[in-house]
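Coordinates in review
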Amino acid sequence: MSAAPPALEVLAGAVVFTDIVGFTEFNALRGDAEAVELLSIQERIVDSMLPPGARVVKELGDGLLLWFPDACSAIDTTLRLQEAFERESSESMLPLWVRIGVHWGQPTRRRDDIVGHDVNLAARIVSVAGPGEVVLSEATIRAMSSELPGVTFDELGPVVMKGIPEPVRLYRASRW
Amino acid sequence: MSGPPIKVPLPGHSRLRLNSRSARVTVVAEDRADLLIESGIGSPSDVEDDGNGHFIIQGGSKSLELRCPAGTDLVIGTLSGNVEVTGRAGAVLVGSASGSISVERALTADLRSLSGNVTVGACDGRCRVSTKSGRASVGRTGQTEVSTMSGSVSVASATGDVRVKSASGRVEVGSDGRNDVAVSTMSGSVTVRLPDGVRPAARLRSLSGRPRCDCPAGDDCQVAVSTMSGKIEVVPGG
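Since we're looking at a predicted model, the values are computed, not measured. (Residues numbered from 1 in each chain as written. Chains lettered and ligands numbered in written order. Predicted model: local features only at pLDDT ≥ 70, side-chain atom pairs only at ≥ 80, totals over all residues.)

Quick notes on the overall build of chain B
The number of helices and strands found in chain B is zero helices and 23 strands. Going through the 238 residues of chain B one by one, you find that 51% of them count as buried. Sequence-distant contacts, at least 24 apart, represent 35% of the contacts inside chain B between residues at least 6 apart. (Helix = DSSP H or I, 4+ residues; strand = E, 2+ residues; numbered from the N terminus. Buried ≥ 20, exposed ≤ 12 C-beta atoms within 10 Å, placed from the backbone. Contact = placed C-beta atoms within 7 Å.)

Re the pairing of strand β3 (residues 55–60) of chain A
Residue and element names in this part refer to chain A. Relative to strand β4 (residues 63–68), β3 runs antiparallel, the two being bridged by five bridges. Along β4, the bridge assignment pairs K58 with L65. With antiparallel pairing between neighbouring strands as the criterion, β3 and β4 make up a hairpin whose turn holds two residues, including G61 at a positive phi of roughly 65 degrees. (Pairing = 2+ DSSP bridges.)

Brief notes about the sheet that holds strand β8 (residues 134–137) of chain A
Residues and elements named next belong to chain A. The strand order across the open sheet formed by seven strands is β3-β4-β2-β5-β8-β10-β9, and the pairing between neighbours is mixed. The open sheet terminates on both sides in strands that have one partner only, identified here as β3 and β9 (151–159). Taken pair by pair, the neighbouring strands of this sheet meet at an average axis angle of 25 degrees, ignoring direction. Pairing of β8 with strand β10 (residues 168–175) involves four bridges; the strand directions are antiparallel. Across the sheet, the residue bridging to V135 is R172, located in β10. The strands that helix α3 (residues 71–91) touches are β2 (13–20), β4, β5 (98–105), β8, β9 and β10; relative to β5, the one it contacts most, it runs at about 180 degrees. (Axes fitted to C-alpha atoms, helices over the stretch in contact; angles between N-to-C directions.)

With respect to the interface of chain B and chain A
How large an interface is tends to be reported as the accessible area lost when its parts come together. Each partner contributes to the interface: chain B provides 29 residues, whereas chain A provides 22 residues. With four residues, the top contributor of residues to the side of chain B that touches chain A is strand β8 (residues 73–78) of chain B. For the side of chain B that touches chain A, the per-class residue count stands at twelve nonpolar, eleven polar and six charged. (Nonpolar A, V, L, I, M, F, W, Y, C, P; charged D, E, K, R; others polar.)

Thoughts on the sheet that holds strand β1 (residues 9–10) of chain A
Residue and element names in this part refer to chain A. If you trace the three strands from one edge of the open sheet to the other, you get β1-β6-β7, paired in antiparallel fashion. Looking at strand neighbours, the two that pair on one side only are β1 and β7 (113–115), the edges of this open sheet. The pairing of strand β6 (residues 108–110) with β7 spans three bridges and is antiparallel. Residue pairing in the sheet places T108 in a bridge with V115 of β7.

Looking at α3 of chain A
In this model, α3 of chain A (21 residues) spans 30 Å end to end at C-alpha, consistent with the 30 Å of a helix rising 1.5 Å per residue. All of the buried residues along α3 of chain A are A71, S73, A74, I75, D76, T77, T78, L81, Q82, F85 and S89 of chain A. (Expected span 1.5 Å × (residues − 1).)

What to know about the pairing of strand β23 (residues 232–236) of chain B
Residues and elements named next belong to chain B. Examined bridge by bridge, strand β19 (residues 190–194) and β23 share five bridges and lie parallel to one another. Residue V192 lies in a different strand from β23, and its bridge partner there is V234. Note that strand β21 (residues 211–213) and β23 share three bridges and pair parallel. The residue of β23 that forms the bridge with C213 is V234.

Focus on unusual backbone geometry
Keep in mind that most residues, glycine aside, have a negative phi and that most peptide bonds are trans. Residues and elements named next belong to chain A. Located in the positive-phi region is R111, a residue other than glycine, with phi close to 50 degrees. As for its placement among the helices and strands, R111 is situated in the loop between β6 and β7. The exposure class assigned to R111 is exposed, which follows from the 5 C-beta atoms found within 10 Å.

Observations concerning the packing of helix α1 (residues 23–30) of chain A against helix α2 (residues 32–49) of chain A
In helix packing, the relevant descriptors are the interaxial angle and the interaxial distance, both defined with respect to the helix axes. All names here are of chain A. Orientation of α1 relative to α2, taken along the N-to-C sense of each, is 140 degrees, at an axis distance of 7 Å. The angle between the axes of α1 and α2 places the two elements in the oblique class. Each of F23, F26, N27 and R30 in α1 lies in contact with α2, whose residues at this interface are D32, E34, A35 and L38. Of the residues that constitute the contact of α1 with α2, the class distribution is four nonpolar, one polar and three charged. (Parallel < 35°, antiparallel > 145°, perpendicular 65-115°, else oblique.)

Quick word on the packing of α2 of chain A against α3 of chain A
All names here are of chain A. Look at α2 against α3: their axes get within 10 Å of each other, and the N-to-C directions meet at 145 degrees. With respect to the hand of their crossing, α2 and α3 are arranged in right-handed fashion. Each of I41, I45, V46 and M49 in α2 lies in contact with α3, whose residues at this interface are T77, R80, L81, A84, F85 and E88. Considered class by class, the residues forming the contact of α2 with α3 number seven nonpolar, one polar and two charged. (Left-handed = near helix turned anticlockwise from the far one by under 90°.)

In structure tokens, the structure reads:
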């Protein structure tokens, strides 16, 4: 008789994907050493800004999968990350052009990783974002426990994404 | 299955929300008061009215073709279907994975396609375009932001600030010389064209290319261009 499968641990939280735009081109132009330097700078900035409870789930080449237990914290942190990336890019010639996608959902924990439909959806959302943008799902805005002063959300429309049955209403977050 | 054309009365300024996966979406914004759906839906019940001037239309497998009043706001999402908006629309938002997007004229525009080309004839206000590998071409526009990975970028005539980020595509920007231009690329060449007599404050940085500014130095506007390896030109005659 086989043992019962272990209970799945479901985590409610914000799933965040980041992606450096043009990393492959940069690597081809400037070589591995500068590409690694770019990744190190991204890592340093992200590590210095993650609030308590949030974590880097894993690195995905030039991108990151992050998890936040709080929607407001995820939005505020990702906007501050974009501001820091922009500062870094303008001060150096290093193109830290990062796009960020955020989705609030209930991924399943698998050892240190998270998996599930909501992770897949967040991965699709980041592909919609342009460099410097934070694009998030309507579910993320609904999960906010309070308002974020100075943060606006511009609708991007119902975005139809490959592998996702229904159009997803997406927004761009920005700080004014 | 598409039936006969369907007329929907509109309460005034309206917003149409159109979804399609692979079918083409065509909108004509013209001098009329109602919404005419020429093809793409089966019955009037396929048009959802939220009572606040917002209408949701879910397209099927056939091309969605409709006519609406000039100035109508449009929110359009497709997976692979091309989107074409002709006439004078209001605020236009379009998101597509691989479909091409063409907007003749809009009040404001936010258009993004991963692999499709994006073309804007004229945009009175803010214009944002984002593509991954598609070409971005903007005609007459106000404040403009464009990002591409490998597609080329052309902004013919901007009367607001212009910001462009491109990994490897060629970038050409025409500005009125009263607003700022900022372009960052990795390997694409960049040409910024300003009207004769404009004296820009140019900050041109290239790691291996040779920046060239043929305009006299001054402070009429800021032109900031940085590239890893592409050629940079700031030239008069826009």
